[in-house]
Amino acid sequence: MSVAVVLVSHSKKLAEAARDLAQQMTGDKATIALAAGTGDDGEELGTDATRILDALMAVDRPDGTLVLMDLGSAILSAEMALDLAEPDLRERVRLVPAPFVEGAVTAAVAAASGLALEAVVQEALGALAPKLGHFDMQAPPAATGPQAQGDEVTATATIPDPHGLHARPAAALARTANDYVSTITIAVENGRGPANAKSLVALSSLGARQNDRLLVSAKGPDARAGVDALARLIETFTGAEGPAATPVVTDATRAVPVSPGLALGPVVEAESGLPDVSHALVGGAGEERAKLEAAFATVRAKLAAHGAGLSNDIAGVQAGLLDDPSFGRRIVESLAGVHAGAAQAALAVTQETIALYQALPDPVQAARATDIADLGRALLEAIVGARPWQPPTDHAYVLLADDLPPSVAIQLDPAFCLGVVDRRGGPTSHAAILLRSAGIPAIAGAGKFLDAQAPDTIAFDGGTGDIWPDPDASKQADVHTRLEAALRQRAVQPSVKPIALPDGTKVQLYANVAGIADAKAARAAGAGGVGLLRTEIMFLDRADAPSVDEQIGRLQPIFDVFEGCPVVVRTLDAGADKPVPFIPAQPETNPYLGLRGLRLSLAFPEIFEQQIEAILRAGIGHDVCIMLPMVTNADEVVAARAHVAAVHDRLAQTNVPHLWPVSIGTMIEVPGAALTAAELAQVCDFFSIGTNDLTQYTLAAERGHAKLERFSHADHPAVLALIRATVQGAAQRGISVSVCGEAAGEIAVAPKLVECGIRVLSMGAARLAPLAQALERWSLEATN
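Residues numbered from 1 in each chain as written. Predicted model: local features only at pLDDT ≥ 70, side-chain atom pairs only at ≥ 80, totals over all residues. Heavy atoms only, no water.

Notes on the overall build of the chain
Part 1: Helix and strand counts for the chain stand at 30 helices and 24 strands.
Part 2: Across the 784 residues of the chain, 51% fall into the buried class.
Part 3: A sequence separation of at least 24 residues applies to 69% of the contacts in the chain between residues at least 6 apart.
Part 4: Surface accessibility of the chain: about 34300 Å² in total, with carbon and sulfur atoms responsible for 53%. (Helix = DSSP H or I, 4+ residues; strand = E, 2+ residues; numbered from the N terminus. Buried < 20%, exposed > 50% of the residue type's maximum accessible area, 1.4 Å probe, protein only. Contact = heavy atoms within 4.5 Å. Areas by Shrake-Rupley, 256 points an atom, 1.4 Å probe, with all protein chains shown as cover.)

Considerations on the sheet that holds strand β5 (residues 153-158)
Part 1: One open sheet accounts for 4 strands, arranged β5-β8-β6-β7; its pairing is antiparallel. Because the sheet does not close on itself, it has two edges, and the strands there are β5 and β7 (195-196).
Part 2: Relative to β5, helix α10 (residues 223-234) is tilted by about 5 degrees, and along the sheet it contacts β5, β6 (183-188) and β8 (213-219). (Pairing = 2+ DSSP bridges. Axes fitted to C-alpha atoms, helices over the stretch in contact; angles between N-to-C directions.)

Side note on a nonpolar patch on the surface
Part 1: Together, L14, L21 and V101 make up an exposed nonpolar region whose accessible area comes to about 200 Å².
Part 2: With respect to the helices and strands, L14 occurs in helix α1 (residues 12-26). (Patch = residues over 30% accessible without salt bridge, like charges linked within 9 Å, V, L, I, M, F, W, Y side chains within 5 Å. Salt bridge = Lys/Arg side-chain N within 4 Å of Asp/Glu carboxyl O.)

Considering the confidence of the model for the chain
Part 1: Here the chain averages 82 in pLDDT, and 87% of its residues register 70 or above.
Part 2: Counted against residues more than four places away or in other chains, residues 140-149, with its pLDDT under 50, gives 3 contacts.
Part 3: Note that residues 240-249 has pLDDT below 50 and, in this model, 20 contacts with residues that lie over four places away or in other chains. (pLDDT = per-residue confidence, 0-100.)

As for the environment of L335
Part 1: Mapped onto the fold, L335 is located in helix α13 (residues 328-338).
Part 2: A sequence separation of 249 residues divides L335 from E86, and the C-alpha atoms of the two residues are 8.3 Å apart.

Description of the packing of helix α5 (residues 100-112) against helix α6 (residues 117-125)
A pair of packed helices can be characterised by two numbers: the angle between their axes and the separation between those axes.
Part 1: Running from N to C, α5 and α6 point in directions that differ by 150 degrees, and their axes come no closer than 8 Å. Comparing their axes, α6 and α5 come out roughly antiparallel. As for how α5 packs across α6, the hand of that crossing is right-handed. Taking contact as the criterion, the partners of G103, T106, A107, A110 and A111 in α5 are, on α6, V120, E123 and A124.
Part 2: A breakdown of the residues in the contact of α5 with α6 according to their chemical character gives 5 nonpolar, 2 polar and 1 charged. (Parallel < 35°, antiparallel > 145°, perpendicular 65-115°, else oblique. Left-handed = near helix turned anticlockwise from the far one by under 90°. Nonpolar A, V, L, I, M, F, W, Y, C, P; charged D, E, K, R; others polar.)

Some points on helix α16 (residues 369-384)
Part 1: Along its 16 residues, α16 runs 22 Å from first to last C-alpha, staying within 8% of the 22 Å computed at 1.5 Å per residue.
Part 2: Counted residue by residue, α16 has 12 buried out of 16 residues, so it is predominantly covered.
Part 3: After α16 finishes, the residue G385 shows a positive phi value of roughly 80 degrees. (Expected span 1.5 Å × (residues − 1).)

Focus on α6
Part 1: Those residues of α6 lying buried are L117, V120, V121 and A124. Here the buried residues of α6 occupy an arc of 105 degrees about the axis, which is enough to place them on one side.
Part 2: Taken together, the buried residues of α6 touch β3 (65-69), β4 (93-96) and α5. (Arc of directions from axis to C-beta.)

Focus: the pairing of strand β21 (residues 663-668)
Part 1: Of all 6 residues in β21, 5 are buried, a share of seventy percent or more.
Part 2: Note: strand β20 (residues 623-628) against β21, 4 bridges, orientation parallel. Within β21, the position partnered with C625 by the bridge is S663.

Examining the sheet that holds strand β1 (residues 4-9)
Part 1: Strands sit in the order β2-β1-β3-β4 across an open sheet of 4 strands; the sheet is parallel. Sheet topology places β2 (31-36) and β4 at the edges, where each strand pairs with a single neighbour. Each strand of the sheet is rotated relative to its neighbour by a mean of 20 degrees, with strand direction disregarded.
Part 2: Both β3 and β4 contribute to a ladder of 4 bridges, which runs parallel. Opposite L66, over in β4, you have R94 as the bridge partner.
Part 3: Packed on one face of the sheet, α6 meets β3 and β4 and runs near 10 degrees to β4.

Let's talk about the side chain of T691
Part 1: Within the fold, T691 resides in helix α27 (residues 691-699).
Part 2: With near-sequence residues (within four places) excluded, T691 lies in contact with A714, I723, V739, G741, E742 and A743.

Comments concerning the pairing of β6
Put simply, side chains in a regular strand alternate between the two faces of the sheet.
Part 1: As judged from the 6 bridges shared by β6 and β8, these two strands associate in the antiparallel manner. In the sheet register, T185 faces β8, and the bridge partner there is S217.
Part 2: Here β6 pairs with β7 via 2 bridges, running antiparallel. Pairing of I186 across the sheet is with A195, part of β7.
Part 3: What sits between the antiparallel neighbours β6 and β7 is a turn of 6 residues, in which N190 has the positive phi angle 60 degrees.

Description of unusual backbone geometry
Part 1: Geometrically, the link from W660 to P661 is a cis peptide bond, its omega value of 0 degrees lying close to zero.
Part 2: Within the secondary structure, P661 is located in the loop between α24 (634-653) and β21.
Part 3: We note that N655 has phi near 60 degrees; this positive angle belongs to a residue other than glycine.
Part 4: With respect to the helices and strands, N655 occurs in the loop between α24 and β21.
Part 5: Classification of N655 by relative accessible area gives exposed; the value is 68%.
Part 6: Of note in this structure, A700 is not a glycine but carries a positive phi near 55 degrees.
Part 7: Relative to the assigned elements, A700 resides in the loop between α27 and α28 (717-731).

Rendered as structure tokens:
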């Protein structure tokens, strides 16, 4: 066996010609593999990292592999392929900046002669020497290696958080560390470590507790800045975030109180544990990688749908784990290294990481094993196409769980879920935090009071930990009496009123919602309407498109909650980074600029018209508007309006009651749309600015990118200029402009949006009251 050669080219024909030329010199003594072109048959120009990885794996051998690339982006693709490769394979591969054709011939000849890998590399690098000599030219000086990394710098910081370095502070550290190119580690002084500071899992494994001194070390070009930033950040972790846990009661006769309140009702058991994937079929390497990539995309989309507030913070921690070198990236590496199936790779890494957390001495940090299991379960369900367990939405119940995961806690609707009894769990889990935030009574550690078979009915007191499985009639009557008394004493939620400005105008505060639970929470928090109803949550985990009746069943209750108030329904905002399983989509090099939003709806008009029909039929008697996402040109709106009119005509001809006429507006999230707002306004009834996408498209920085956080702020002067341009364009036709992006709920940014002329801000329910107070203060100061 000898060194292999892989030719990476944008052109399949060029690569084949170079290989044929080389093999005229070597015959079949040299192993030459091609990774050229894109598309199914490689006939399209371009390079593909997965195709390169396949070629590397196909020719992998102990003697090593030399890779030649034709143009710049081929280098990037080859480097990406190496990032995906298993470490042992990476060590046997050399990417060589030699001339493509000359290097291919020279390397093939050297390899066929039995030279070692480094000798073949040197032969390839010198392939231009004969040509240069002919023209009396000298070869350019060899590129210098990486700059010296400099000395290691360190700093120490004491962590004040009572729960130590638990998930959310660890995630904040990992995000900040990823802003620096230097290698950064953190260790507990006289304890565990060092751990990679860019990995949440690695940081969590330190088991750092309150008042531990953490040693931050870095080596690299921005080491000092990175060390100082992390040290400062550590000392800000006070543990003040999130609703406080009730004190833990150690009384052996009671369960652990988690969230106060009484509950009594029939029991529903939640599914638990990781799904069985032992029978999951394993396809080819490319097929398994595609499964994994699709699963990651599906889970990311679900986590991103949680909007702002506490649930988004917790979902953000899980989203960060997908990019963590010790979890998400390790799953990818595991898949490439052992040729395992996607499900098997995800299961193995999940189980190992769960075990790592469970071994931590601090109970709060050990409880984060539930979060890992939750994320692993979501990935596995997405890989094998299993539908996640859903809590009931047609009757009241008490949920009995075996370590409630946060993904289920987020979905619980207080209108149906009367309370939660967790056989295990604890008061500091993320699920417990979410339950307290939602006001759902809960207890944990209840397993010792329950038989293996669940009771039919259960009652409990979330404030004391008292639990009564299958209570008799006397106990039920007692609990009912106490519940009625509590209801009578419950204070009415304060409303959020419009904020009067010095110029006499008012700012309305609306809510962003994705389901009935969000809607009820927003209404209770005083939202004056719904500025953004995300409908894609109905589609993302579906193997088939939801029927019109099913969509009506999901929309109608939300409209009812906001009876008499405006509700803006955004049509399906899927595609690219938020794929829907039942719509076939081609892989895209840059999905954020691809077939998504209205572009996708217009490409699948039957699905689009079904959604329009559902909105119109559910909207009877309500103030409902339709909003189109990802619009660039006015002709897209004209095309969408034609579909809406066609649905109206069809319903009218068949005498089906429906809302008509209906206002139709667009999201402004593309700079081009903002700059041509006056033209768009001619075909729109309103605008709503999506600051998340508008910011990422304006500043050319992918939102959520760990290293580009500084480009994610909507109050950047360029973004604010586009918002002002949108307001000015809308004013020419007198249509309204709102903001429904994350920036709308940010206290530091919202006043700047108001100064741009925005008079409707829409945000997560939890942000309504604090923002209202902040805007009132701001307006009062401006008046004075």
